[in-house]
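# Structural overview
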Amino acid sequence: MQPPVERPYWNPYAAGFALGLVLLGSFLVMGFGLGSSSAATRLAVGAAHLVAPKATEANAYFSQYVGPGKSLFEDWLVFEVLGVFLGGLVGAYSAGRLKSEVLRGEGVSKGRRIAFAIAGGVLMGFAARLARGCTSGQALTGGAVLSLGSWIFMMCVFAGGYLVAPFVRKEWR
Amino acid sequence: MNVLPLYPNDAFGFPTGLLVGTLIGFAFGFVLERAGFGNAKNLAAQFYLTDTRVLKVMFSAIATASAGIGLLSGLGVLDLSALTIPETFIGPHVVGGLLLGAGFIVSAYCPGTGIVAMASGKWDGFWSIVGVMIGSLAFGFAWGPLEGFYRSGAMGSVTIAEVLGVPFPVVAAAVVAMAIGCFVGAERLEAVFAPKAGKVAPHSNARVRHVQFAALGSIAALGLATLALPSPKVAVAAKPIARIGAVELAQRIVADPQGLWIVDLRDPKAAGPERIPGTATLPADTTPAKLAASLPATRTLVAYAQGDLASLPEGFATFPGDVLVLSGGYDAWRSAVLSAPQPPADPTPTLVAQFRMRSALNGYFTGAAAAPPPKLVVRAVAAPAPKKGGGC
């Protein structure tokens, strides 16, 4: 079967409006917006629990996720993130963008790019737990309901990004 | 009246919620992909101002959703208080935001867009999610020394509208105005920075932009217009009578004495000197309605008579805070709290725990020493109740 031809991205304002409707719809139906990082956390804690169940349950932070009578799948956001993956997959395939590759700047090796992706991911995973959410659960969700802390968080995300951007500029030349 | 949001209003149960949640996630992932957020280059470009797609999409989404929430709650179809408002913790939000921003530009994804990139076959997206998982675990390992900071600067679920003391739709309209201002500014910056980096500034379709600005402005304006409507809150005034048991009330008095207004509705002469500790009695020259109107709604109002109350006294139904009636009245208080509990004849862990609790309450309210617990015979272990997990 021939994969679909590549389609352009949506106009950012139209995409943002559509994203806003999804966010609003989630509030109207579920009473909460969207999430991403908590599912990754649950998956990670679940993996740690498989390797070392006792030690994981003994950790005061992890014990909120695992232990007797608790399930990693008791949070609907885990299923929501499964939906994000499927939606991304269908979106990428139907737009002809489903392609196995490592996106990187000119002259940047694959290994270097992956090291940066992991390092940035570690920072974000830590930060998202500290701030009780990421760009989805705090910035978008809390932003829409005008949560004071979420707006402070969002401003700090942009500030942190712009502060560090000059130092990693050559990754994207 | 307030039928939305559906799930907190029990329109459907948890299993259906998981399916609906998956569908919402599907739409989220699809739109993120179409917005170009499955590609690290589009995300990194935000921080070099060559393409401010991230800002345009994110602020459009936030402005759309908050203006929509303002409009629907203003019309009285959406219950604002049933929405989950992320709680504010100043220190963790500042530090977490800065660190997440740094991680964002280093990995060129955020957790949500990393998942979409992974779904699009981008291995850098996959590895960024592996990093997020490692970072989550690192946070758990550092939990001991971090816990104090994690809980610092707690302000509860507070919105910017509450801080400013203005209605929600006013702030939502300000968000829309700010977003449009940012878009105009961002397009000017693109025109400066993209050529400097040897790139072409992204083409902006004027028609789409104008339609979107007009749509956002209209929703925000309609939200503001609902403020002129007669207050939709009036229809909510007839509350069903909510009851609290004597033991539960005793527990709440011990745990949080500043959280309750307890009002004795009995005739002071007939009732004698015995009353529930912390009770306000009705002065001779006032009515229950006047008393209720004089109390701030920051606490839960609890009313009791000698026996059960069939209906709320006049004026209590319109109390803006929570109102509870002591089930069984003072008689129930006397038999459940003031008289010493009998040790269970057939001690199971649950019954023994209950006896201990009742005995402690009895001692607290009568000044008597708590009775020694009966010998425990282990029969069955009660399953712990599942706890809801929080998170992003």
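On a predicted model such as this, the values are computed, not experimentally measured, just so you know.

### Quick notes on the overall build of chain B
When helices and strands are tallied, chain B shows 15 helices and seven strands. At 29 Å, chain B has a C-alpha radius of gyration far larger than the 21 Å of a compact globule built from 392 residues. Taken along the three principal axes of its C-alpha coordinates, chain B extends 90 × 55 × 35 Å. Among the 392 residues that make up chain B, the fraction classed as buried is 47%. Taking the contacts inside chain B whose residues are at least 6 apart along the sequence as the reference set, 65% of them involve residues at least 24 apart. Accessible surface, chain B as shown: approximately 18300 Å² in total, 65% of it carbon and sulfur. Across chain B, the 27 positively charged side chains and the 21 negatively charged ones have centroids separated by 7 Å.

### Notes on the packing of aromatic side chains
The final tally for this structure, using the stated rule, is 25 aromatic pairs over all chains. The interplanar angle of 80° and the centroid separation of 4.9 Å between the aromatic rings of A:Tyr61 and B:Phe139 together place this pair among those described as edge-to-face. Linking A:Tyr61 in the loop between helix H3 (53-58) and helix H4 (76-94) with B:Phe139 in helix H6 (residues 123-141), this pair reaches from one chain into another. The pair A:Tyr61 / B:Phe139 is uniform in exposure class, with both members buried. Ring geometry for B:Phe183 against B:Phe213: centres 5.9 Å apart, planes inclined by 20°, an arrangement best described as stacked. Of this pair, B:Phe183 sits in helix H9 (residues 168-196) while B:Phe213 is found in helix H10 (residues 206-225), placing the two residues 30 residues apart along the sequence. Note on accessibility: B:Phe183 and B:Phe213 belong to one class, buried. Linked through ring pairs, A:Tyr61, A:Phe62, A:Tyr65, A:Phe126, B:Phe139, B:Phe141, B:Trp143 and B:Tyr150 together constitute an aromatic cluster. The aromatic ring of B:Phe193 is capped on one face by B:Lys196, whose charged end is 5.3 Å from the ring centroid.

### Observations regarding the pattern of salt bridges
One pass over the full model with this rule turns up 16 salt bridges over all chains. Residues B:Glu33 and A:Arg97 are paired through a salt bridge, measuring 2.7 Å at the closest nitrogen-oxygen approach. Here A:Arg97 lies in the loop between H4 and helix H5 (110-130) and B:Glu33 lies in helix H1 (residues 14-34), a pairing that spans two chains. Side by side, B:Glu33 and A:Arg97 carry an identical accessibility label, which is buried. Connected through shared salt-bridge partners, A:Arg97, B:Glu33 and B:Arg34 make up one network.

### A short note on the confidence of the model for chain B
Residues and elements named next belong to chain B. Counting all residues, the mean pLDDT for chain B is 86, and 90% of those residues have values of 70 or more. Note on residues 234-238: pLDDT under 50 across the span, and one contact to partners over four residues away in sequence or across chains. Confidence drops under a pLDDT of 50 for residues 378-392, and excluding neighbours within four residues, the segment shows 29 contacts in the predicted structure. In the predicted complex, the global pTM is 0.73; the interface-specific ipTM is 0.96.

### Details of the interface of chain A and chain B
Contact residues are listed per partner, giving 124 residues for chain A and 137 residues for chain B. When chain A packs against chain B, the two sides together hide about 11600 Å² of surface, and 75% of this comes from carbon and sulfur. For chain A, the biggest contributors to the area lost against chain B are A:Tyr13, A:Arg132 and A:Leu146; these three give 8% of the whole. Between the two partners, chain A and chain B, sit three salt bridges. If you look at where chain A meets chain B, you find 39 residue pairs in polar contact (both at pLDDT 80 or more).

Thresholds applied
- Residues numbered from 1 in each chain as written.
- Chains lettered and ligands numbered in written order.
- Predicted model: local features only at pLDDT ≥ 70, side-chain atom pairs only at ≥ 80, totals over all residues.
- Heavy atoms only, no water.
- Helix = DSSP H or I, 4+ residues; strand = E, 2+ residues; numbered from the N terminus.
- Rg over C-alpha atoms; globule rule 2.2 N^0.38 Å.
- Buried < 20%, exposed > 50% of the residue type's maximum accessible area, 1.4 Å probe, protein only.
- Contact = heavy atoms within 4.5 Å.
- Areas by Shrake-Rupley, 256 points an atom, 1.4 Å probe, with all protein chains shown as cover.
- Lys, Arg positive; Asp, Glu negative; His and termini not counted.
- Charge placed at Lys NZ, Arg CZ, Asp CG, Glu CD.
- Phe/Tyr/Trp six-rings, centres within 6.5 Å; stacked < 30°, edge-to-face > 60°.
- Lys NZ or Arg CZ within 6 Å of the ring centre and 35° of its normal.
- Salt bridge = Lys/Arg side-chain N within 4 Å of Asp/Glu carboxyl O.
- pLDDT = per-residue confidence, 0-100.
- Buried area = accessible area lost by both parts, 1.4 Å probe.
- Polar contact = N/O pair within 3.5 Å; in protein donor to acceptor, adjacent residues only side chain to side chain.

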